[in-house]
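# Architecture at a glance
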Amino acid sequence: GDSVTQMEGPVTLSEEAFLTINCTYTATGYPSLFWYVQYPGEGLQLLLKATKADDKGSNKGFEATYRKETTSFHLEKGSVQVSDSAVYFCALQTDSWGKLQFGAGTQVVVTP
Amino acid sequence: GAVVSQHPSRVICKSGTSVKIECRSLDFQATTMFWYRQFPKQSLMLMATSNEGSKATYEQGVEKDKFLINHASLTLSTLTVTSAHPEDSSFYICSAGAAGGEEAFFGQGTRLTVV
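Figured I'd write up the structure that's included with this text. Keep in mind that what you see is a predicted model, and the values were worked out from it rather than measured.

The next subject is the sheet that holds strand 7 (residues 67–73) of chain B. Residues and elements named next belong to chain B. On the basis of which strands lie adjacent, the open sheet formed by 4 strands has the order 1-3-8-7 and antiparallel pairing. Among the strands making up the open sheet, the edge pair consists of strand 1 (4–7) and strand 7. Adjacent strand axes in the sheet meet at a mean angle of 15° when their direction is disregarded. Two elements, strand 1 and strand 3 (residues 19–25), share 4 bridges in a ladder whose sense is antiparallel. Residue pairing across strands places Val4 opposite Ser25, the latter belonging to strand 3.

In structure tokens form, the structure reads like this:
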């Protein structure tokens, strides 16, 4: 079945450091890939998405490129801020209705 | 993006009582809605898929008689946790998708505490 694997956290960084969160997937067909962010006590917010191979999603300084050859969708940000502290979820979608398979989530802690 | 409203955001109930959680799509017609459950510091697990006007499809291991899902209109789905017990305490979150849409939109989530 479909699955998403992402690096375990917590990831602790200093402000302005470079962030990478690895995400790989297995899926039949051609999934869409997403990164969601969850701030403490809140629901999910879509951070970025890519719907086909080689697409790059970007938002708020975060980027991720859909790599079909390595089945990966790694999240990167060049310079993190304290406000980026949250849990980040990688997810894939193989239907057209929005059903998602989530990775385990990676907690990111950014210190001043 | 589209707006999905989930209510209540927090609820505390006594063991043995039932709790209803509502999920509304405010500015689009949601032909399909999804209900997820999230345990502390864990990922989201899909509980069920509901389609307007038909019975929900439950994931393996989810008790359909305990977690009643109703999707009576294109803008509203409800999850009722029946005869709640402390182990049902969790964060429940819904998402709504439109026909042919590329993505689903999430509600704010409901923190259920059963005491």
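In this structure, the amide linkage connecting A:Gly9 to the following residue, A:Pro10, adopts the cis form with an omega of 0°. By the secondary structure assignment, A:Pro10 is in the loop between strand 1 (3–6) and strand 2 (11–14). Cis geometry is adopted by the peptide bond preceding B:Pro8, which originates at B:His7 and carries an omega value of 0°. As for its placement among the helices and strands, B:Pro8 is situated in the loop between strand 1 and strand 2 (10–13). If you check the backbone angles, A:Asp54 has positive phi at about 75° while not being a glycine. Position of A:Asp54 relative to the elements: it lies in the loop between strand 6 (44–50) and strand 7 (56–59). Judged by its relative accessible area of 53%, A:Asp54 is exposed. Residues other than glycine seldom take positive phi values, yet A:Lys60 does so here, at roughly 55°. Here A:Lys60 lies in the loop between strand 7 and strand 8 (62–65).

Bringing the pattern of salt bridges into the picture now. By the definition in use, this model includes 6 salt bridges over all chains. The closest approach of N and O atoms between A:Asp84 and A:Lys77, which form a salt bridge, is 2.8 Å. Here B:Glu22 makes a salt bridge to B:Arg24, at a shortest N to O gap of 3.4 Å. We classify B:Glu22 as partly exposed; its relative accessible area is 24%.

Residues and elements named next belong to chain A. Strand order in this open sheet of 4 strands is 3-9-8-7, and the pairing throughout is antiparallel. The open sheet has two edge strands with one neighbour each: strand 3 (19–21) and strand 7. Sheet twist, expressed as the average angle between the axes of neighbouring strands with direction ignored, equals 15°. As paired strands, strand 8 and strand 9 (residues 75–77) are joined by 3 bridges and run antiparallel to one another. Paired with Phe62 across the bridge in strand 9 is Lys77.

Residue and element names in this part refer to chain A. Take Gln107: it is sitting in strand 12 (residues 106–111). For the pair Gln107 and Met7, spaced 100 residues apart in sequence, the C-alpha separation works out to 9.7 Å. If sequence neighbours within four positions are ignored, Gln107 has contacts with Gly9, Pro10, Val11, Ala86 and Val87.

Next up on the list: the state of the cysteines. All names here are of chain B. What the rule picks out here adds up to 2 disulfides over all chains. Two residues share a disulfide in this structure: Cys23 and Cys94, whose sulfurs sit 2.0 Å from each other. Because the sign of the S-S torsion sets the handedness, a value of about 80° for the bond joining Cys23 and Cys94 places this disulfide among the right-handed ones. Residue Cys23 is located in strand 3, and its partner Cys94 is located in strand 9 (residues 90–97); the two are separated by 71 residues in the primary sequence. No disulfide involves Cys13; its sulfur sits 18 Å from that of Cys94, the nearest cysteine.

Residues and elements named next belong to chain B. Only one face of strand 3 is covered, namely the face carrying Val19, Ile21, Cys23 and Ser25; the face carrying Lys20, Glu22 and Arg24 is uncovered. The pairing of strand 3 with strand 8 (residues 76–81) spans 6 bridges and is classified as antiparallel. Within strand 8, the position partnered with Arg24 by the bridge is Leu76.

Criteria and cut-off values
- Along each chain, numbering runs from 1 in the same order as the chain's sequence is written.
- Chain letters start at A and ligand numbers start at 1, both assigned in the order the entries are written.
- Reporting in this predicted model follows two pLDDT cut-offs: at least 70 for local features of residues, and 80 or more for side-chain atom pairs to be given and counted; totals over whole chains, interfaces and linings ignore these cut-offs and use all residues.
- Here the side-chain values reflect all heavy atoms present in the structure, with hydrogen atoms and water set aside.
- Any two strands are treated as partners once DSSP identifies two or more bridges connecting them.
- Labels follow the DSSP assignment, with helices taken as runs of H or I lasting at least four residues and strands as runs of E lasting at least two, numbered in each case from the N terminus.
- Only the stretch in contact is used when fitting a helix axis, every axis being a line fitted to C-alpha atoms; angles between N-to-C directions are given from 0 to 180 degrees.
- We call a residue buried when its accessible area falls under 20% of the maximum for its residue type, exposed when it is over 50%, and partly exposed in between, using a 1.4 Å probe and counting protein chains only.
- Only one rule defines a salt bridge in this text: a Lys or Arg side-chain nitrogen within 4 Å of an Asp or Glu carboxyl oxygen.
- By definition in these notes, contact holds between two residues if any of their heavy atoms fall within 4.5 Å.
- By disulfide we mean two sulfur atoms from cysteines, separated by a distance within 2.5 Å.

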